[in-house]
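Architecture at a glance
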Amino acid sequence: MAPKRKAPAANGRPSKRVASGVSTPVSTRTTSDDDYDEDDEMPEDDDLQTPAKYDNTVKKFQPSTYARTKDYPSGDPASHLFKAKHDFFDEPLKADHRLRPLWIDPENGRVVLETFSPSFKRAQNFLINIAEPVSRTTNMHEYTISPHSLFAAVSVGLTKEDIIKDLELFSKTKVPENIKQFVHQVTESFGKVRLVLKHNKYFVESNDAKVLQMLLRDEVISQCRVQDTDELMTEKAAKKGALVIPGTREAVGVPNQAQAERQQPQKRDEADEEDSDDEFGGREAEKDMAEFLREEDDEDDEIDQVHSFEIDGEKIQQVQEHCNVKLNLPLTEEYDFRADEVNANLDIDLRPSVQIRYYQEHALSKMFGNGRARSGIIVLPCGAGKTLVGITAACTVRKSAIILCTSAMSVMQWKEEFKKWSNINPEDIAIFTSGEKQKLNHKAGVVICTYSMVTQNTRRAHDSKQVMDFIMGREWGLMVLDEVHVVPAEMFRRVTERIKTHSKLGLTATLLREDDKIKDLNFLIGPKLYEANWLQLSEEGHIARVQCAEVWCPMTTEFYSEYLQAKTTNKRSLLSTMNPRKFQACQFLIDFHERRGDKVIVFSDNVYALKQYATGLKKPYIYGDTGQRERELVLQNFQQNDAVSTIMLSKIGDTSLDLPEATCLIQISSHYGSRRQEAQRLGRILRAKRRNDEGFNAFFYSLVSKDTNEMYYSSKRQAFLVDQGYAFKVITHLNGIDRMPNLAYANQQERMTLLTDVLLQSETAGGVEDIKDDLFSDRNVRRVDHKGKKSGVKRQAGTLSSLAGGENMAYMEYAKGRNKALAQPRNAFFRKEERQKERRSKAAREMLE
DNA sequence: CAGACCGGAA
DNA sequence: GCGGGTCCGGTCTG
C-alpha cells in the first residue's frame, strides 16, 4: 500500500498552537477539585507556561493527516469539541482520575504529566518510550507525541495496542479518538522497511514485498537503486536468540528480580541510586521495562522471508531522507551482529567489576532490545557516563567499532576510558588524528578518530590517506558518534556516507542546535532512543545538584550612555560585558566562593574581556591562543594547587575539558542565545567530585548587565535548562559588595580609564556595521528565536536560605506576569520611544547611589 | 612549531 | 530569508 502523503496543512481548520488558553489543563481542573488539600502545592498558571517546543526535532502533530469522512468533516474527530477559544476539551474525568497522571491534549498530541501522582514513575517510563520530552520541571512534565517519537516507540518493539492501552491506563480522561487514530496510522507505516548492510552493500529490506515494490515505483528511490540487480531478492529471515548486555545485573549474575534490589549488588562507584519504596517503583519499573524490552524478542512474529533490493552506497542519505521526510516511511537500521559471520569478532568485554547504572542499562536495552543493534541516539547529561554507554555498546556488538569525536583531546579520553572499563587489548585500539595515525594489527579492532579527519576534503598527507582508505574500505559493526549534535553540519554529515557501518549510536548531552538541522538526525542516525531526566539524575546523586542564578548588574552611567550611542552590536556587547558593576560582582562572587572552598571557573566568550578580567583579578586564564604547555600547567594547578582556586576560560572550555574539581561557575559573557552553550557550561560542574558530600551544591551564575541585550539573550539561553527542571533565581543585589575591600573600579577615575580602553578596543577590533534599527528587530532576534515562541523562563523567587551560602544575597520577588515582560523585551522597556525616558531615570538612579 | 586554511558554531 | 563577524579546533605545509 502506498503510504498516504501528507495532506496540505490547511484543511478547514487553523493549525493554531495552543497558547496560554490551553496551557492550564491542570489548574482549570484541579482548582475546582476540592480534594487537593494544599492549594500552594498546585502549580500556578505561570508555572505552566512551559516553553513551547525548543527545537525542531519534533514534527508537529498533524490532525490534517486524517481523512475527511462524514463522521469527521473537519478532517479530525476532535475539532468540534473545541469552543472558539480553544479551551480544554469537555471530556469527563474518569472516576479515579486522581490516580492517573496524564492530561492528553487532543489537538496537538501534547501530554502533561503530573509528577506528584502515585503512578508518576510508571507513567514516565511509559511516556519516554512513546513521546518526546519537551519540559520536565518539578511538578509538571510536558511531552509531545509525534511521528518521530512513535517511530522510536515502534522501533523499540512497542505495538500500537501497547501504546493505546497504556495511554488509556494513565489518562485522566478517555483517550481522545484522534490520538488513537494518530497512533494507529503512524505505527502502521513505521518499522516496515529496514536499511541493512551486507558485504559492504546497502539493501532496503522488508518482510512485505508490496511495500518494496511501491518504493521502487518512487522516482527518487528507483534512481538510487543499483540498476543491474534483480528487482527483488528473497531469502530466509535470520533466527534470533537471547542476548545479555554486559555490565547489567543479569550479566554479573545477580537475579534480575525485584527481591534482588535489597541485596545491593556491587556498585560501579560511590554514587548509586537509592531504593524506592514507591509502589509503582522507580528502579523496579525501570528494570521491568528493561527486562521487558530484552525479552520481547521471544514473542517476535514468525516471519520467515525477507525481501530486499540494493541501493547505491553513495545515495543512502538521499534514500533515508526521502523515506523519512517525504514518504513518512522511515528506514529502520538494525544489525543482527550475532548472525554476522562475515566480519571478524572483536575480543572485548567490560571488566568483570564494572556494573553500569540503571539508566545506562535502560538506554542500552532500548538499543539492543530485540537482540540486534538498532541505530539511534542516546541523550545523557554531561558527567552521567556517556562514554561508558558507548563502550558497553561496543562490548555488546563485539565487532570492529569506530568512534568519532569532535577533538583530538576527546579522542585521547575515549581511548583511556576504553582501557579503563573494558578488557580490550590496547593494541586493538587505534587512534587516528593529525598527530597520531595508528593502525590496527588484527582483523577487528576499535578506531577512535575526529570528525574532521574523516571528512577532510582537501589534500591529505600520505599516511593520512592510507588510513582513510582503510577506514572507508571496510565494514564496521558499530559506529559511535560522540557529540552527535554536530553531525547535521554540512561537512560532518558525510561520515555516514563514508563509513560503512551496520549500526550507529549517537551520544550527546544536548540534542539542540539553533538551526533546524537537528531533525536530520532522525534519518542520518536514527530515532532518539533514550533521554535521561536531569533532575532525577541529580536527585539521585549521579550528577551534581546545581543552584542557578542570574545576577543583574546595573550599568554605570558612563557605560550605559555609550551603550545607547553605540553603532554596532559588537560594541554594545563589549560595553555590557565590561560594565564595571559586573566586574565588581564577579570579583565579589569569586571572593565569596573561594572563601567557601569552591573551585571557580569564570567563562567569557569575549577574549578581550577575558584578559581584562583575568589581569584585573589576577587569575590565570586560557583561551584559544594559549599554548598547550601553558594550558596543562594552568589546569594542573587548578586541580591540585590550593592557591589556584579560580581560572578563567574562553569558550575553549565549553566542551570536552574535564574538570571534576570545579564547583562554581560564573559567566560574564556568552554567545547570544545559545542554549547549548549554556547547558554545556553547566555540564562542566555536573561531574563535581564532591557531589555526594552532604548538602553539596554546585553554583552557576550568569552575570547580566541590566537593561541591555544581555537580558534578552540570557532568558533565551536558559530555556533548555529550565526545561530540564532548573530554576534560575534572580539576584538583584549582592549584599556586602559595598563593604568589600579592594573593590575594583570603585572610583570614577578608574571607570573612565576602563571605558576609554574599551572604546578604543571596540574601534580597532569591531567592524563598523551600523545597527539598522531596533536592537530587538527580527533581524537580531530570529537566530535565537526562529519559532517566535516565548522562552517561558521559570523564575523562582528565592528564599534567603534556599541558596546555600546565599545569606548575603537579595532576591527579587517576581511579580506574576513579569515573565512575559522579560521574554518579550520588545514590549517592555526597550522600545525606542522609551529609551530617552530610561536614560533619564538611569541617570537619576546613578545620582542617588 | 608557526601560520595558512577550512569549517563549525549560531 | 541570508549572512553577518569572531573564536576555536583540526589538518596540512614549509
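Fair warning: this is a prediction, and the values are worked out from it, not measured in the lab.

Some details on the side chain of K415
By secondary structure assignment, the location of K415 is in helix α12 (residues 408-421). Among buried charged residues, K415 stands out as having no salt bridge; its nearest opposite-charge side chain is E436, 5.6 Å away.

Concerning unusual backbone geometry
Positive phi outside glycine occurs at H199, with the angle close to 50°. On the secondary structure map, H199 appears in the loop between β5 (193-198) and β6 (201-206). Backbone geometry at N328 places phi at a positive 55°, although glycine is not the residue there. Here N328 shows up in the loop between α9 (316-326) and β9 (331-335).

Structural notes on the nonpolar core
General note: in soluble globular proteins, nonpolar side chains tend to be found buried as a group. I130, L167, F368 and F418 are the most contacted members of the largest nonpolar core, which has 108 residues in total. Non-local contacts of F368, meaning those with residues more than four positions away in its chain, are made with L243, I245, F337, A373, R374, A393, T396 and V397. By size, the runner-up hydrophobic cluster in this structure holds 45 residues, among which are F559, L564, I668 and F699.

Let's talk about the sheet that holds strand β16 (residues 500-508)
Read from one edge of the open sheet, seven strands run β13-β14-β12-β15-β16-β11-β17, paired in parallel fashion. Edge positions in the sheet fall to β13 (429-432) and β17 (528-531), since each has one partner strand and no second. Strand-to-strand, the axes of this sheet are offset by a mean angle of 20°, without reference to chain direction. Direction of pairing for strand β12 (residues 401-405) relative to strand β14 (residues 446-450): parallel, over a ladder of five bridges. What sits directly across from L404, in β14, is C449.

Description of the protein's contact with DNA strand B
Near DNA strand B lie 11 residues; those nearest to it are M491, R513, E514, S674 and R676. When atoms of DNA strand B within 4 Å of the protein are sorted by moiety, sugar and phosphate together comprise 84%. A distance of 3.1 Å separates a phosphate oxygen of DNA strand B from a polar side-chain atom of S674. The separation between a phosphate oxygen of DNA strand B and a polar side-chain atom of R676 is 2.6 Å.

Comments concerning the pairing of strand β23 (residues 698-705)
Across the eight residues of β23, eight count as buried, placing the element largely inside the fold. Of the two faces of β23, the one holding A698, F700, S702 and V704 and the one holding F699, Y701, L703 and S705 are both buried throughout. Sheet topology places strand β18 (residues 546-553) next to β23; eight bridges connect them, and they run parallel. Within β23, the position partnered with A549 by the bridge is Y701.

Brief notes about helix α3 (residues 147-155)
In terms of burial, α3 is largely enclosed, as nine of its nine residues are buried. Along α3, the positions that sit buried rather than exposed are P147, H148, S149, L150, F151, A152, A153, V154 and S155. Following α3 by one or two positions, G157 adopts a phi angle in the positive range, close to 100°.

Describing the packing of helix α4 (residues 160-170) against helix α5 (residues 177-189)
Running from N to C, α4 and α5 point in directions that differ by 160°, and their axes come no closer than 9 Å. On the basis of the axis angle, α4 is roughly antiparallel to α5. Two packed elements cross with a definite hand, and for α4 against α5 that hand is right-handed. Of α5, the residues touching α4 (which contributes K160, I163, I164, L167 and E168) are I179, K180, V183, H184, T187 and E188.

Regarding the pairing of strand β15 (residues 475-481)
For a regular strand, side-chain orientation follows a simple rule: the groups alternate between the two sheet faces. A large share of β15 lies buried, amounting to seven of its seven residues. When β12 meets β15, the two strands line up parallel, connected through four bridges. Bridging from a neighbouring strand, L404 pairs with L481 of β15.

Description of helix α20 (residues 580-595)
Helical geometry: 3.6 residues make up each α-helical turn, so side chains three or four residues apart lie on a common side. The end-to-end C-alpha distance of α20, which contains 16 residues, comes to 23 Å, matching closely the 22 Å that a straight helix rising 1.5 Å per residue would cover. Counting buried positions over the 16 residues of α20 gives 13, a clear majority of the element. G597 occupies a position one or two residues after α20 and carries a positive phi of about 90°.

So, the packing of aromatic side chains
Per the counting criterion, the structure on display carries 17 aromatic pairs. Plain terms: the ring middles of Y451 and F492 are 5.2 Å apart, the flat faces sit at 20° to each other, and that makes the pair stacked. Here Y451 is found in helix α13 (residues 451-455), whereas its partner F492 is found in the loop between β15 and α15 (495-498), with 41 residues between them in sequence. Classification of Y451 as buried rests on a relative accessible area of 0%. Among the aromatic side chains, those forming a connected cluster through ring pairs are Y335, F337 and F368. Note that R474 overlies the ring of W476, its terminal NZ or CZ placed 4.9 Å from the centroid.

Describing the environment of M711
You can see M711 is positioned in helix α24 (residues 709-723). Given the relative accessible area of 3%, M711 is considered buried.

About the cut-offs
- Residues numbered from 1 in each chain as written.
- Chains lettered and ligands numbered in written order.
- Predicted model: local features only at pLDDT ≥ 70, side-chain atom pairs only at ≥ 80, totals over all residues.
- Heavy atoms only, no water.
- Helix = DSSP H or I, 4+ residues; strand = E, 2+ residues; numbered from the N terminus.
- Buried < 20%, exposed > 50% of the residue type's maximum accessible area, 1.4 Å probe, protein only.
- Lys, Arg positive; Asp, Glu negative; His and termini not counted.
- Salt bridge = Lys/Arg side-chain N within 4 Å of Asp/Glu carboxyl O.
- Core = buried A, V, L, I, M, F, W, Y, C linked by side-chain atoms within 4.5 Å.
- Contact = heavy atoms within 4.5 Å.
- Pairing = 2+ DSSP bridges.
- Axes fitted to C-alpha atoms, helices over the stretch in contact; angles between N-to-C directions.
- Near = heavy atom within 4 Å.
- Polar contact = N/O pair within 3.5 Å; in protein donor to acceptor, adjacent residues only side chain to side chain.
- Parallel < 35°, antiparallel > 145°, perpendicular 65-115°, else oblique.
- Left-handed = near helix turned anticlockwise from the far one by under 90°.
- Expected span 1.5 Å × (residues − 1).
- Phe/Tyr/Trp six-rings, centres within 6.5 Å; stacked < 30°, edge-to-face > 60°.
- Lys NZ or Arg CZ within 6 Å of the ring centre and 35° of its normal.

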